[in-house]
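Descriptive structure summary
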2 protein chains.
Amino acid sequence: MNLDPLIGATPSWMGGGDDADGMVVSSRVRLARNLAGYPFPGRIEAEQQRQVIEQVLSAARGSASLGAATYYPMGPLGHSERRLLVERHLISPALAEDDGGGVLFNGDESLSVMINEEDHLRLQAIHPGTRGREAWAAVSSFDDELLGVLSCAHDPDLGFLTACPTNTGTGLRISVLIHLPALVLTEEMERVLQGLGQLSFAVRGVYGEGSNAAGNLFQVSNQATLGADEGGIVDSLIAVTSRLIECERDAQEALMEEARAQVEDKVWRAWALLGSARVLSSQELMSLLSAVRLGRTLGLVGGVSSSFLNHLMIATQPSHLRAEAGTDLEAEERDMRRADLVRRRMAGAEKP
Amino acid sequence: MNLDPLIGATPSWMGGGDDADGMVVSSRVRLARNLAGYPFPGRIEAEQQRQVIEQVLSAARGSASLGAATYYPMGPLGHSERRLLVERHLISPALAEDDGGGVLFNGDESLSVMINEEDHLRLQAIHPGTRGREAWAAVSSFDDELLGVLSCAHDPDLGFLTACPTNTGTGLRISVLIHLPALVLTEEMERVLQGLGQLSFAVRGVYGEGSNAAGNLFQVSNQATLGADEGGIVDSLIAVTSRLIECERDAQEALMEEARAQVEDKVWRAWALLGSARVLSSQELMSLLSAVRLGRTLGLVGGVSSSFLNHLMIATQPSHLRAEAGTDLEAEERDMRRADLVRRRMAGAEKP
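Notes on the structure follow.

Cut-off values and rules
- Residues numbered from 1 in each chain as written.
- Chains lettered and ligands numbered in written order.
- Predicted model: local features only at pLDDT ≥ 70, side-chain atom pairs only at ≥ 80, totals over all residues.
- Heavy atoms only, no water.
- Buried < 20%, exposed > 50% of the residue type's maximum accessible area, 1.4 Å probe, protein only.
- Helix = DSSP H or I, 4+ residues; strand = E, 2+ residues; numbered from the N terminus.
- Arc of directions from axis to C-beta.
- Contact = heavy atoms within 4.5 Å.
- Salt bridge = Lys/Arg side-chain N within 4 Å of Asp/Glu carboxyl O.
- Pairing = 2+ DSSP bridges.
- Axes fitted to C-alpha atoms, helices over the stretch in contact; angles between N-to-C directions.
- 1 Å grid on protein atoms, 1.4 Å probe; cavity = no way out; pocket = protein on both sides within 12 Å on 5 of 7 lines; lining within 4 Å.
- Points joined across faces, edges and corners; volume = space filled by probe spheres on them.
- Nonpolar A, V, L, I, M, F, W, Y, C, P; charged D, E, K, R; others polar.
- Least-squares fit on C-alpha atoms with pLDDT ≥ 70 in both.
- Lys, Arg positive; Asp, Glu negative; His and termini not counted.
- Polar contact = N/O pair within 3.5 Å; in protein donor to acceptor, adjacent residues only side chain to side chain.
- Phe/Tyr/Trp six-rings, centres within 6.5 Å; stacked < 30°, edge-to-face > 60°.
- Lys NZ or Arg CZ within 6 Å of the ring centre and 35° of its normal.

With that settled, consider helix α7 (residues 189-198) of chain A. Residue and element names in this part refer to chain A. Of the residues making up α7, those classed as buried are Met189, Val192, Leu193 and Leu196. Looking down the long axis of α7, one finds its buried residues gathered within 100° of arc, a one-sided arrangement. In α7, the exposed positions angled more than 90 degrees off the buried face are occupied by Arg191, Gln194 and Gln198. The elements touched by buried residues of α7 are α6 (181-185), β9 (201-205), β10 (217-222) and α8 (230-274). Where α7 terminates, the next one or two residues include serine 200, which has phi positive at roughly 65°.

This structure, assessed with the given rule, holds 34 salt bridges over all chains. Its salt-bridge partner being arginine 191 of chain A, residue glutamate 188 of chain A comes within 3.0 Å of it at the nearest N-O pair. Classification of arginine 191 of chain A as exposed rests on a relative accessible area of 54%. The partner of arginine 343 of chain B in a salt bridge is aspartate 340 of chain B, with the nearest N and O atoms 3.2 Å apart. Taken together, the residues span about one helical turn, with arginine 343 of chain B and aspartate 340 of chain B both in helix α12 (residues 331-348) at a distance of three residues. The partly exposed category is assigned to aspartate 340 of chain B, whose relative accessible area is 31%. In the salt-bridge network here, residues are joined through shared partners; they are Glu117, Glu118, Asp119 and Arg122 of chain A.

Attention now goes to the sheet that holds β10 of chain A. Residue and element names in this part refer to chain A. Judged by pairing direction, the sheet is antiparallel, and its eight strands sit side by side in the order β2-β3-β4-β5-β1-β8-β10-β9 without closing on themselves. The open sheet has two edge strands, β2 (70-73) and β9, and neither has a second partner. Adjacent strand axes in the sheet meet at a mean angle of 20° when their direction is disregarded. Of the pairings in the sheet, the one linking β9 to β10 comprises five bridges and is antiparallel in character.

A separate point is the layout of surface pockets. Considered as a void within the structure, the largest pocket measures approximately 910 Å³ in volume. Forming the walls of the largest pocket are 36 residues, and the residues nearest its centre are Arg28, His89, Ser92, Pro93 and Arg204 of chain A. Of all the elements, helix α3 (residues 79-87) of chain A adds the most residues to the lining of the largest pocket, at five residues. Looking at the lining of the largest pocket residue by residue, the class counts come to 12 nonpolar, 12 polar and 12 charged. Quantified by volume, the second largest pocket comes out at close to 770 Å³. The wall of the second largest pocket is formed by 27 residues, among which Arg28, His89, Ser92, Pro93 and Arg204 of chain B lie closest to the centre. Those elements that place two or more of their residues in the lining of the second largest pocket are β1 (24-33), α3 (79-87), β4 (111-115), β5 (121-128), β8 (172-179) and β10 (217-222) of chain B. Among the residues making up the lining of the second largest pocket, the classes are represented as eight nonpolar, 10 polar and nine charged.

This part is about the relation of the copies chain B and chain A. Two chain copies, one operation linking them: a rotation about an axis together with a shift along it. Its rotation angle being 180°, the transformation that places chain B on chain A also includes 0.0 Å of axial translation and leaves an RMSD of 0.0 Å. When the rotation and shift are considered jointly, the pair of chain copies conforms to a two-fold rotation axis. Every residue of chain B has its C-alpha some distance from the rotation axis, and the shortest such distance is that of alanine 272 of chain B, at 2.6 Å. Comparing interface residues between copies, 100% of those in chain B also sit at the interface in chain A, which points to an isologous, same-surface contact.

Let's shift gears to helix α10 (residues 306-315) of chain A. By the criterion of burial, α10 of chain A is predominantly enclosed, with nine of the 10 residues buried. Of the positions making up α10 of chain A, those classed as buried are Ser306, Phe308, Leu309, Asn310, His311, Leu312, Met313, Ile314 and Ala315 of chain A.

In this section: the pairing of β8 of chain B. All names here are of chain B. Most of β8 sits inside the fold, with eight of its eight residues counted as buried. On β8, burial covers both faces: Leu172, Ile174, Val176 and Ile178 on one face and Arg173, Ser175, Leu177 and His179 on the other are all buried. Pairing analysis gives seven bridges linking β1 to β8, with the strands arranged antiparallel. Looking at β8, one finds that serine 27 is bridged to valine 176. Pairing of β8 with β10 involves five bridges; the strand directions are antiparallel.

Let's shift gears to the side chain of glutamate 87 of chain B. Residues and elements named next belong to chain B. Relative to the helices and strands, glutamate 87 is located in helix α3. Arginine 83 provides the closest opposite charge to the buried, salt-bridge-free glutamate 87, at an N-O distance of 5.5 Å. Looking at glutamate 87, its side chain comes within polar contact range of the main-chain nitrogen of serine 319, at 2.7 Å.

Our focus in this paragraph is empty space enclosed by the protein. Residues and elements named next belong to chain A. Throughout the structure, instances matching the rule amount to six cavities of 30 Å³ or more. For the largest cavity, the calculated volume is near 60 Å³. What lines the largest cavity is simply Trp13, Ser26, Arg28, His89, Ile126, Ser175, Val176, Leu177 and Gln219. Within the residue set of the lining of the largest cavity, elements represented by two or more residues are β1 (24-33) and β8 (172-179). In terms of residue count, β8 provides more of the lining of the largest cavity than any other element does, three residues in total.

Once that is clear, we can look at the packing of aromatic side chains. Residues and elements named next belong to chain A. Following the criterion strictly, the structure yields two aromatic pairs over all chains and no others. Aromatic side chains tyrosine 72 and phenylalanine 105 sit 4.9 Å apart centroid to centroid with 5° between the ring planes, which places their arrangement in the stacked category. In this pair, tyrosine 72 sits in strand β2 while phenylalanine 105 sits in strand β3 (residues 102-105), placing the two residues 33 residues apart along the sequence. Assigned by exposure class, tyrosine 72 and phenylalanine 105 land together as buried. One residue, arginine 33, lies across the ring of phenylalanine 160, its end atom 3.6 Å from the ring centre.

Next up, the structure:
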């Protein structure tokens, strides 16, 4: 399988549309489904796995949503190709470990379905910015098409049945990827995380966990999938996102009042280092991108788009760098190539 | 007294002439002299101080060396004006504390005489780069002119008499200001410092002490002034300077072999931060200037002159910043103004 076309491209959900203030990178909706009459993937036979794939592909190819999509079975893909798909959020780390699964996704990577992951089907839509409702509409429409053809495991009382009970019911997980640098800088993030936990929202870093999330990027998602309808789940996540944006905005204002020079210093140093470093760890790059993203939200750096920052974040992931190099890379080489790539892109960027 | 003309100017010894490889910033020669028939400054009366000043000024004004120089008595100068002269190495911190002294220096600040410091006269010549012999020639010629007019305390056996016995004899102290970043980075500086101590050379940081010298700039000087002739003292310092340059060069080569990417990273990050920081402590600025200076020596950054780096070092000293601002500055404001000044200068600098 050739994944080369992916490397240079930026998925549409990273395009930064509807991301006016640069705080919400993307909104993602995922639905878990299982075919009736087959064991869950944890105890399925190889032959049954193949049948599941066949049925799902046949249904998807007949759909308007993914009729023209390419299917990538895990089996023929090497380790780094699978990791590349993980880095693009097209498959989960679990699917990458399993030769019996695969993924089908459309050209702009906004809609996909993993087959034989923890459940037989994991439908996913990712849209840029706060477009959670659009993501829900896309995934729901695809779901309707599939349900018209496939017979899915469903219980009249419980709803959709899933391998893990936490997904049973709607099978719906919605999340936003949100940038909260001022809450981290003002050390309010712990308190916010506690509040979100009490409201039954889960928070993890896009890379890294808790308030040490790399690049101050947090993935906030619903925990309950049972006992609420899909619209309610989507609405409540959108509401909590709005509230988080307000909190972050307040923290940003406080920061600018108390330490404007230090904030500007942080932003401009980050911009300068992106264009100049010769060695750049992934961790440092995430911090620098976070500072520039904050500068963009605060209106300090104009002319820098969210999609540019998102592109740098994805294109500098280890397997993306490996793919661009065409060869395996030691950690030290990777840090040099990461710096080179960022510097080349920065040379083409408008000075803000 | 108006010191404004000094602020924007770069003293000739910072001009970077003869500083082909950027390692030796300057060479300085100092002579201690005392007038016969007066107590040393530590026990002198105010009236006698005035007489010393009068005699020295009269002799200096009749000299070719400092005939046209301006005399700055300490008395009328405020604290920050005195500190400004200290920052330019025109007076010692001790003279700045004493209302009874003063300094006379020429337009390019290469030749000066402090009056009523620890000794009645401290003649000083500073030349750029490794021009220690030229500095010695300049100060010696001025000394000859003064000795033709003034009667100085001299003992046929001991030589010139001075307030502190360590200066007795020739009264000569010669020093170089040398940049040794690779010896510091490779942790060989401690060993070098010990070796210099055994050879009776004193080493201190231009700011800060020992191997933690700010900006990796070390002032190396002779300790013995007695029992050697002046030419021998000058030659031995020049010889030890050449040896230090060799050691530093070896360390630079080793560094480039083992960690070229890291060195380039350090240099280019420093260059970028000089042009972008909004808050800059004196300590950090010295580190950044050191990295760029190293890059210049290694041929990584072209088009950056030593004098530009020297200028940034002097112009950003606290009293220079205060003078430019025209008002007292808190430490935090100073760090912001330092960053502003550096950024303005960098904007005018050619991108290397």
